[in-house]
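One-letter residues, chain by chain:
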Amino acid sequence: MRVGLYPGTFDPITLGHLDIIRRASVLLDRLVIGVAINRDKGPLFSLEERVAMVEAECAKLSEQTGMEIVAHPFENLLITCARDVGAQVIVRGLRAVADFEYEYQMVGMNRQLDDGIETVFLMAEAQHQAIASKLVKEIARLDGDVSKFVTPPVREKLLSKLGRS
């Protein structure tokens, strides 16, 4: 069984994330969405809220693709999380060249820690490449329309969290 780990903060999960998950579904039998606790980033949503959003959004994709998709919170090293969930592959999404530079360093370090776990990069579809959770939150905070970047249920949760309806 081919198991992949797609890590991130998912604060909130965006259409870009879902595009990468959908595209990974043709490569893997099981995909674990590693929801990083990452206290340094100061997420808007609690870990429980982010896991619930990931589970809700991925349930639809799992049903459509037939692939098992599960959410897994983690706060340890990415490579340790990959081992813990039995992943042979780490899935990473790339938006731009700037992402690649950071990811290139991460791959090198992860290969030093465990050269048996591969990293696969997937580019989101063109309409999703600029989407970043950080920017989505900023647009929502400033009363902008985020409906092009997140699903309706995630939009509702985001607006509610910011005290808007």
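Our subject is the structure that appears above.
Counting restarts for each chain, with residues numbered from 1 along the sequence as it is written. Given that this is a predicted model, residues contribute local features only at a pLDDT of at least 70 and side-chain atom pairs are listed and counted only at 80 or more, while totals for whole chains, interfaces and linings are drawn from all residues. Side-chain calculation: all heavy atoms of the structure are included, whereas hydrogens and water are not.

A helix here means a DSSP run of H or I that spans at least four residues, while a strand means a run of E at least two residues long, and both kinds are numbered starting from the N terminus. Looking only at helices and strands, the protein features 6 helices and 5 strands. Seen in sequence order, the protein has helices and strands lined up from the N terminus as β-α-β-α-β-α-β-α-β-α-α. Computed over C-alpha atoms, the radius of gyration of the protein comes to 15 Å, within 12% of the 15 Å expected from 2.2 N^0.38 for 165 residues, which places it in the range of a compact globule. If one aligns the C-alpha atoms of the protein with their principal axes, the spans along those axes are about 45 × 35 × 30 Å. Relative accessibility under 20% of the residue-type maximum defines a buried residue, over 50% an exposed one, and the middle range a partly exposed one, all with a 1.4 Å probe and only protein chains included. Looking at the protein residue by residue over its 165 residues, the buried ones come to 45%. Whether two residues are in contact is decided by their heavy atoms, any of which lying within 4.5 Å being enough. Across the protein, the fraction of contacts at a sequence separation of at least 24, relative to all contacts at a separation of at least 6, is 75%. For the protein, the accessible area works out to roughly 8,900 Å², and carbon and sulfur atoms hold 53% of it. The distance from the centre of the 20 positive side-chain charges to the centre of the 23 negative ones in the protein is 3 Å. Put simply, the radius of gyration uses C-alpha atoms, and a globule should come to 2.2 Å times the residue count raised to 0.38. Per-residue and other accessible areas follow the Shrake-Rupley method at a 1.4 Å probe size, with only the shown protein chains counted as cover for residues. Counted as positive: Lys and Arg. Counted as negative: Asp and Glu, with His and the chain ends omitted from the count. Each charge is placed at NZ for Lys, CZ for Arg, CG for Asp and CD for Glu.

Let us look at helix H1 (residues 15–24). The element H1 is extensively covered by neighbouring structure, given that 7 of its 10 residues are classed as buried. Along H1, the residues that are buried comprise Gly16, His17, Leu18, Asp19, Ile20, Ile21 and Ala24. Polar contacts, as counted here, are pairs of nitrogen or oxygen atoms within 3.5 Å of one another; within protein the pair requires one atom able to donate a hydrogen and one able to accept it, and residues that are adjacent in sequence qualify only if both atoms are side-chain atoms. By the N-cap criterion, in which a side-chain oxygen at the helix start approaches the backbone nitrogen of a residue two or three places on, H1 is capped by Thr14, the distance to Gly16 being 3.2 Å.

This brings us to the pattern of salt bridges. Here, a salt bridge means any Lys or Arg side-chain nitrogen found within 4 Å of an Asp or Glu carboxyl oxygen. Taken as a whole and assessed by the stated rule, the structure comprises 11 salt bridges. Two residues, Asp19 and Arg22, come together in a salt bridge whose shortest N-O distance is 3.8 Å. Taken as a pair, Asp19 and Arg22 lie in helix H1 at a separation of 3 residues, close to a single helical turn. Note on Asp19: relative accessible area 5%, which makes it buried. Note that Glu68 is salt-bridged to Arg30, the shortest N-O span being 3.2 Å. Of the two residues, Glu68 is situated in strand S3 (residues 68–74) and Arg30 in strand S2 (residues 30–36); the sequence distance between them amounts to 38 residues.

Note on aromatic contacts: the rings of Phe and Tyr and the six-membered ring of Trp form a pair at centre separations within 6.5 Å, being stacked when their planes are under 30 degrees apart, edge-to-face when over 60 apart, and tilted otherwise. Considering all chains together, one arrives at 3 aromatic pairs under this definition. Linked through ring pairs, Phe100, Tyr104 and Phe121 together constitute an aromatic cluster.

Now for unusual backbone geometry. Asp11 connects to Pro12 through a cis peptide bond whose omega is 0°. By secondary structure assignment, the location of Pro12 is in the loop between strand S1 (3–8) and H1. Unusually for a residue other than glycine, Phe10 sits at a positive phi of about 50°. With respect to the helices and strands, the residue Phe10 is situated in the loop between S1 and H1. Looking at Phe10, the relative accessible area reads 2%, which means it is buried. Non-glycine residue Asp143 carries a positive phi angle of around 65°. Within the secondary structure, Asp143 is located in the loop between helix H5 (133–141) and helix H6 (152–161).

Scope: geometric values only; no functional claims are made or implied.
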